[in-house]
Amino acid sequence: MSDPQPVYLSDYQPPAYRVTHTELTFDLDPAATRVKARLLMERNDEVSDQTPLVLNGEHLALISLAIDGTPLTDADYQLNEKNLCIPKVPASFSLESEVEIAPSTNTALEGLYQSSGMYCTQCEAEGFRRITFYPDRPDVMATFTVTVIGDQESEPVLLANGNPVDSGKLENGRHFATWEDPHPKPCYLFALVAGNLHKVEDRFSTMSGRNVTLQIWVEKDNLDKTEHAMASLKRSMAWDEQTYGREYDLDLFMIVAVSDFNMGAMENKGLNIFNSAAVLTHPHTATDATFQNVEGIVAHEYFHNWSGNRVTCRDWFQLSLKEGFTVFRDQCFSADTNSAPVKRIQDVSFFRTAQFAEDAGPTAHPVRPDHFIEITNFYTLTIYEKGAEVVRMLCNLVGWDNFRRGADQYFERFDGQAVTIEDFVGCMADTSGEDLSQFMRWYAQAGTPEIDAHGEYDYVKSEYHLTLRQRTPATPGQTTKQPLHIPVRMGLVGTKSGQDLALTLEGETLGKDAVINLRDNEQTFVFTEVAEAPVPSLLRDFSAPVKLHFPYSREELAFLLTHDSDGFNRWDAGQRLAMLALDDLIAAHRNGVEKVMDARVIEAFRILLTGPVSDKAVLAEMLTLPSEAYIAEQQPIVDVDAIHAAREFVRQSLALALRDEFAATFEANRSDEPYAPTPEQIAQRSLKNIALSYLMSIEEEQAIAFCQAQFAADHNMTDVRHALTLLVHSDRDDLSSPALKAFGEKWAHDPLVMDQWFTIQVTRPQSDVLERVQFLMQHPAFSIKNPNKVRALIGAFAQNRVNFHRLDGQGYALLADVVIELNRLNPEIAARLITPLTRWQRFDETRQSLMRTQLERIKQEPLSSNVYEVVEKALA
Ligand code: ARG
Ligand code: ZN
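Summarised in this report is the structure supplied together with it. (Residues numbered from 1 in each chain as written. Chains lettered and ligands numbered in written order. Predicted model: local features only at pLDDT ≥ 70, side-chain atom pairs only at ≥ 80, totals over all residues.)

## Brief notes about the overall build of the protein
In plain terms, the rule: Each helix is a run of DSSP H or I of at least 4 residues and each strand a run of E of at least 2, with the numbering of both proceeding from the N terminus. A pair of residues counts as a contact when their C-beta atoms, built from backbone coordinates, are separated by no more than 7 Å.
When its secondary structure is counted, the protein shows 28 helices and 33 strands. For the protein, contacts bridging at least 24 residues in sequence account for 70% of all contacts bridging at least 6.

Written out as structure tokens, the structure is:
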């Protein structure tokens, strides 16, 4: 078998044949579904009439093939594992085919498959080729008419994209439904769902006064878990009208919840399909974080109707065109709906942990990659989240009004087309008049840029000189980097006044909060008329996705923590201050010397806990220490044990020094109001629960009593899960075991709650975790074929820093075992699961070699192209 080969952006060719209309008929059967297709096709004028027709098709059993009604014989076409080639076709014709597929054995969950008995599809990126022979590429857009035939009893509900136009009974207990989608779309947006589903219905009246029917389809037991998704959908529809002037364009919008799904959700036209974990909520089964996540994902998929569906991508290298823009849109929506500073803090904190790690590892790639082997490996934090940061910079650079006019132009000019990132940025350049040519490098260069900043105050001249130097480290395949255009939002905070000082740069008055543009490798910015010595507040609101180094003293950080006018940077100053203390403690742990807690951190926390509280949600974030994963990112070589010990030491020192303050905060924020996922309640719960975490870190009797009472009160899942986690992660088996048992028995019937039960157990720091993972893999609620289960048990275990990285290498071996098994069943999930092993270069030599051994072991297997690509890169 030859190794899988990459495809290159530079090889892009427009399609030789387009499809103007697609007619599909599905005769559903678990093991033998028949798919009839009738494609109206036309040759593009630019190509010669000798150009063969090449269609994609994989795992299809061909039954028959005809052109304009005339059957083709074996001699008329060539067929291999991936393609169907018909050397001679007319300029305009209809291609009729029939194939057979087997949804019940489709464990890859791409194309048409079964999930708890129902049929559903996932076609993005290249799943449609597992359904029928087709030019499976996003720049071929057609209208679709789809007929679904199923069993009246087992599939009473038959759904597809667009509007229902016909339905009726057939012989032998069968029935059919026909759907028409009038909007031309690429086949990756095709969807079909059939099964015993129940719906919740609502309506939305659009800005032009049209009535849209909204439906959420679920299994019967989940009917009581749809309210929040429905409310989120209506808020999203209103927000897109108000913010972007975008209206929904069909009379029906459907969401379906399925339990087996590789990703979060999918924006199929008019028929979004969701992982049940990304849509179902109930106060007793879902946490605040899940409620917020569901709101964001519902919005994300809905927003794709314009940024993705009406205007789509020319090819998959442009994936961030729709994903980066849509993530930016959903982030802004969530910021508007909840606490904006907290949304930013959470997004950035995740970004700096996970995307920075990706950008520093062997799978680093640009926001627009220039080659790939397997596109499903590129649904990454770089494409999505860094892509969103790039769009955010663009928006800040041209200003909202120009950005909005640019978006209008983009949607109008390219409606119904498949376009490129240049087309998008071009609209922004057009409406703003800005030169964005240097900015385009953000799309082409991988790696996280680092800025070394240095400042000096000249008392005599009242000047502040700020020097910024940028560099982007080499990444695989990109050794030299060019300087980027980096917008740095900043202020100078006066050390006497504690206020932002007026900024005058080269004679120009900028106000108190301004953006300076770093374009060269090194630039010095001279601020004049600076009346007092300032502390610079740099990269406010995380104005660019970079690492900023400034030699702040702990006193300066403590000062910014209380005085910075930018909420994000106040939080960041706290994180930096904690990091300095953690660095000392990590060193102490390694050197075997006694750990001493930095009193300045305790004082900073005391002020936070006792001062006036303006935003409880922000306060909860400020009281949260950097995660072990984030701390690890900051170390040259990751020492998992030292990091864990240092962070625990800080938590316990804070809890001992501020026990009364934490207890008071806990008491002050208890509430027995009925649960609602409102920003106010969520903020109050986070603050209460973070206080409880500190109290539990010293396991004193009162804290344990609080924790057990909160668990027993069973008021809502946020509080129950938090209390359960603290009990299970404590060192006391007498607390852990009974709580776990009670919870597991109570929720045995609910798969999404059992996912949480798995995760809580395998993320505990105690050393019995690996054996527990092995034991839980045999649990009836676990299934290796269900991606949510794999993520909840195996994925979560691989995030357990101390236990996954055990020095006997058994954690790595366990992960490799699962990867090898999943490589056969579900290559997309297998490839994702390897990620922690790909980061071997960050660890000590012993662990490096243990991790590489497992990668080598995986490499010996007959690999899917997904796993092959990741392992190759990791070992290169
Ligand atoms: N477009 C979807 C979203 O961002 C993701 C689908 C990815 N599918 C996949 N099989 N990788 O919402
Ligand atoms: Zn998306």
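From this point on, the discussion continues.
## Points about the sheet that holds strand S7 (residues 78-79)
Test applied: At least two bridges found by DSSP between two strands are what make those strands a pair.
Within the open sheet, the three strands sit side by side as S4-S8-S7. Their pairing is antiparallel. Both edges of this open sheet fall to strand S4 (53-56) and S7, since each of them pairs with a single strand only. Alignment of S7 against strand S8 (residues 83-86), held across two bridges, turns out to be antiparallel. Bridging from a neighbouring strand, Leu79 pairs with Leu84 of S8.

## Some thoughts on the site of ligand 1
For clarity, the threshold we go by: By definition, a residue lies near a molecule or strand provided its backbone-derived C-beta atom is within 6 Å of it. Residues are grouped as follows: Ala, Val, Leu, Ile, Met, Phe, Trp, Tyr, Cys and Pro are nonpolar; Asp, Glu, Lys and Arg are charged; all remaining types, including Gly, are polar.
Taken together, 13 residues surround ligand 1, and among them Glu124, Asn262, Met263, Thr376 and Tyr379 come closest. Of all the secondary structure elements, the ones that give two or more residues to the shell around ligand 1 are strand S20 (265-266) and helix H2 (288-303). Residues that form the shell around ligand 1 fall into these classes: four nonpolar, four polar and five charged.

## Quick look at the pairing of strand S25 (residues 450-458)
Pairing analysis gives nine bridges linking S25 to strand S26 (residues 463-471), with the strands arranged antiparallel. Looking at S26, one finds that Glu456 is bridged to His465. Hairpin connection of S25 to S26: four residues between the antiparallel strands, including Ser462 at a positive phi of 55 degrees. Sheet topology note: the S25/strand S33 (residues 547-549) ladder contains three bridges and is parallel. Bridge pairing in S33 places Asp452 opposite His549.

## Notes on the sheet that holds strand S30 (residues 514-518)
Note the threshold: Inter-axis angles, ranging from 0 to 180 degrees, are taken between N-to-C directions of lines fitted to C-alpha atoms, where helices are fitted over the stretch in contact.
The strand order S30-S27-S32 describes an open sheet built from three strands, whose pairing is antiparallel. The open sheet has two free edges, formed respectively by S30 and strand S32 (534-538), since each of these has just one partner strand. Sheet twist, expressed as the mean angle between neighbouring strand axes with direction ignored, is 40 degrees. Sheet topology note: the strand S27 (residues 486-494)/S30 ladder contains five bridges and is antiparallel. If you follow Ile486 over to S30, its bridge partner there is Leu518. Against the sheet, helix H9 (residues 554-563) contacts S27 and S32, and its axis sits at roughly 70 degrees relative to S32.

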